[in-house]
Amino acid sequence: MASRAGVSVATVSRILSGAYTAPPATHERVMQAVQDLDYVVNANARSLNTASGMVAMVVNDITSPFFMNVASGVEEQAVADGRVCLVCSTQGVPERELSVIDLMRQRGAEAVILVGGMAETEEHLAQLTAAAEGLDRAGARLVLCARPWKGGAKAPVDVVECDMESGAFAATSHLLSAGHTRVAHLAGPHEFSVAGQRLEGYERALRAHGVKPDPALVAESDMTRESGYEAACRLLTDTDATAIFCASDMSAAGAIAAARDLGRSVPDDLSVVGFDDIPLAEDLYPRLTTVHVPQQELGRSATRLALHRRPMDPPSRRVVLGSHVVVRQSVAPPARLNAHGKADS
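I will try to describe carefully the structure that is included in this document.

Parameters and conventions
Residues numbered from 1 in each chain as written. Predicted model: local features only at pLDDT ≥ 70, side-chain atom pairs only at ≥ 80, totals over all residues. Heavy atoms only, no water. Buried < 20%, exposed > 50% of the residue type's maximum accessible area, 1.4 Å probe, protein only. Helix = DSSP H or I, 4+ residues; strand = E, 2+ residues; numbered from the N terminus. Pairing = 2+ DSSP bridges. Axes fitted to C-alpha atoms, helices over the stretch in contact; angles between N-to-C directions. Parallel < 35°, antiparallel > 145°, perpendicular 65-115°, else oblique. Contact = heavy atoms within 4.5 Å. Nonpolar A, V, L, I, M, F, W, Y, C, P; charged D, E, K, R; others polar. Polar contact = N/O pair within 3.5 Å; in protein donor to acceptor, adjacent residues only side chain to side chain. Salt bridge = Lys/Arg side-chain N within 4 Å of Asp/Glu carboxyl O. Phe/Tyr/Trp six-rings, centres within 6.5 Å; stacked < 30°, edge-to-face > 60°. Left-handed = near helix turned anticlockwise from the far one by under 90°.

## Concerning the pairing of strand β5 (residues 157-162)
Then, number 1: Taking burial as the measure, the six residues of β5 include six buried ones, the bulk of the element.
Then, number 2: Burial along β5 is two-sided: Val-157, Val-159 and Glu-161 facing one way and Asp-158, Val-160 and Cys-162 facing the other are all buried.
Then, number 3: For strand β4 (residues 141-145) and β5, the ladder comprises four bridges, and the chain directions are parallel. Residue pairing for β5: Leu-142 is matched across the bridge by Val-157.
Then, number 4: Sheet analysis places β5 next to strand β11 (residues 318-321), joined by four bridges and oriented parallel.

## Regarding the packing of helix α6 (residues 94-106) against helix α7 (residues 122-137)
Then, number 1: Their axes nearest at 10 Å, the elements α6 and α7 cross at an angle of 10 degrees. By the angle between their directions, the pair α6 and α7 is classed as roughly parallel. Contacts from Pro-94, Glu-97, Leu-98, Ile-101 and Arg-105 in α6 reach His-124, Gln-127, Leu-128, Ala-131, Gly-134 and Leu-135 in α7.
Then, number 2: Looking at the contact of α6 with α7 residue by residue, the class counts come to six nonpolar, three polar and two charged.

## Thoughts on the side chain of Asp-277
Then, number 1: Looking at where Asp-277 falls in the secondary structure, it is placed in the loop between β9 (271-276) and α12 (280-283).
Then, number 2: Overall, Asp-277 belongs to the buried group, its relative accessible area being 15%.
Then, number 3: Of note is the side chain of Asp-277, whose polar atom sits 3.0 Å from the side chain of Arg-328.
Then, number 4: Not counting residues up to four positions away in its chain, the partners in contact with Asp-277 are Asp-249, Thr-290, Val-291, His-292, Val-293, Gln-295, Val-326 and Arg-328.

## A closer look at the pattern of salt bridges
Then, number 1: According to the stated counting rule, one finds 19 salt bridges in the structure shown.
Then, number 2: Put simply, Asp-136 and Arg-141 hold a salt bridge, and the shortest N to O gap is 3.6 Å.
Then, number 3: Of the charged contacts in the structure, one is a salt bridge between Asp-158 and Arg-309, with a shortest N-O distance of 3.4 Å. Of this pair, Asp-158 sits in strand β5 while Arg-309 is found in the loop between α13 (295-307) and β11, placing the two residues 151 residues apart along the sequence.
Then, number 4: The class of Asp-158 is buried, set by a relative accessible area of 0%.
Then, number 5: Classification of Arg-309 by relative accessible area gives partly exposed; the value is 29%.

## A few points about the environment of Ala-153
Then, number 1: Turning to its location among the elements, Ala-153 is positioned in the loop between β4 and β5.
Then, number 2: For Ala-153, a relative accessible area of 69% gives the class exposed.
Then, number 3: Considered as a pair, Ala-153 and Pro-315 are 162 residues apart in the sequence and their alpha carbons are 9.0 Å apart.

## Observations concerning the packing of aromatic side chains
Then, number 1: Throughout the structure, instances matching the rule amount to two aromatic pairs.
Then, number 2: An angle of 55 degrees between the planes, with centres 6.2 Å apart, marks the rings of Phe-245 and Phe-275 as tilted. With a gap of 30 residues between them, Phe-245 in strand β8 (residues 243-246) and Phe-275 in strand β9 connect regions that are remote in the sequence. By the burial criterion, Phe-245 is buried, and Phe-275 matches it.

## Quick notes on the sheet that holds strand β7 (residues 218-220)
Then, number 1: With respect to topology, six strands assemble into an open sheet ordered β7-β6-β8-β9-β10-β12, the strand pairing being mixed. Unpaired on one side and paired on the other, β7 and β12 (324-326) mark the two borders of the sheet. Taking each pair of neighbouring strands and ignoring which way they run, the sheet shows an average axis angle of 20 degrees.
Then, number 2: Strand direction decides the pairing type here: strand β6 (residues 183-187) and β8, joined by four bridges, are parallel. Counterpart to Val-183 in the pairing with β8 is Ala-243.

## A short note on the packing of helix α10 (residues 225-238) against helix α11 (residues 249-261)
Then, number 1: Viewed as axis vectors pointing N to C, α10 and α11 meet at an angle of 45 degrees, and their least axial separation amounts to 7 Å. Looking at the two axes, α10 sits oblique to α11. Helix-helix and strand crossings are classified by hand; for α10 and α11 the assignment is right-handed. Between α10 and α11, the residues in contact are Arg-225, Gly-228, Tyr-229, Ala-232, Cys-233 and Leu-236 and Met-250, Ser-251, Ala-253, Gly-254, Ala-255, Ala-257, Ala-258, Ala-259 and Asp-261, respectively.
Then, number 2: Class assignment of the residues belonging to the contact of α10 with α11 gives a composition of 10 nonpolar, three polar and two charged.

In structure tokens, the structure reads:
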């Protein structure tokens, strides 16, 4: 870059560090070279001269209990490794995700951890691959957490995820084993890969138990309580479902509220299973049966993967954590329902 700008390496270093006031023409040539070469200061080199580096965590919604639990794990591991943690929100906008990654690269973050699903078009995946390569050139790392990588195998992207498909299979199987055959699914956004994994597990469980999947029993929500409430109202009004497997605990909370407002009791008239096992699951009435996802460990593992790289490590690595069903009080065998959808006494 120094040769492109026509100055010495020392002059470039002083200008970029802000320690030298160069003549305007010299400063302009250096900054133009920076732009032309897409140059950023190497985060690993900078960390040798600073007290701590930075780990950036990027989520869809900072109010989500799931994301905050993962953030707790990221921060715990970052602090243990002498780094600081920054949390950014995208509100589910793909362009915002890319701009945050670029900003963190420019600010010298050592790692950028993307948590949770995103609408991943081919264009977005290509842009995300380019962003990962830019981070890699700067000595930083992109990690996907609780989100599979659908891009190229050679991209410098690490992945830490939970086996969502198996968790959904186990949750749906739990309802089927209780005797339910009309099991509905309160799904997440269809464009999110994590929602697709849970739908796949739900359908696989139905087929494994000899039950044909019924599209009428699947309703999409954005995995919030409000959206879950609305979708559950539609399911309970328009179908004969006796159980609902929800793609998140927040949507399960909405489903329980919908059942109550429609005059149905959980679990006597309707069984409900959630996903994630956030603290709210134990505070709902009845206490929610759900799929436990090790949220804090997801965050810790993602941070370790980014910061503890060794020269012999492959370009990309993948860690898969397990999940399991936590049985509480929201599931019961199906009752014989009357015309109002309530259990006969």
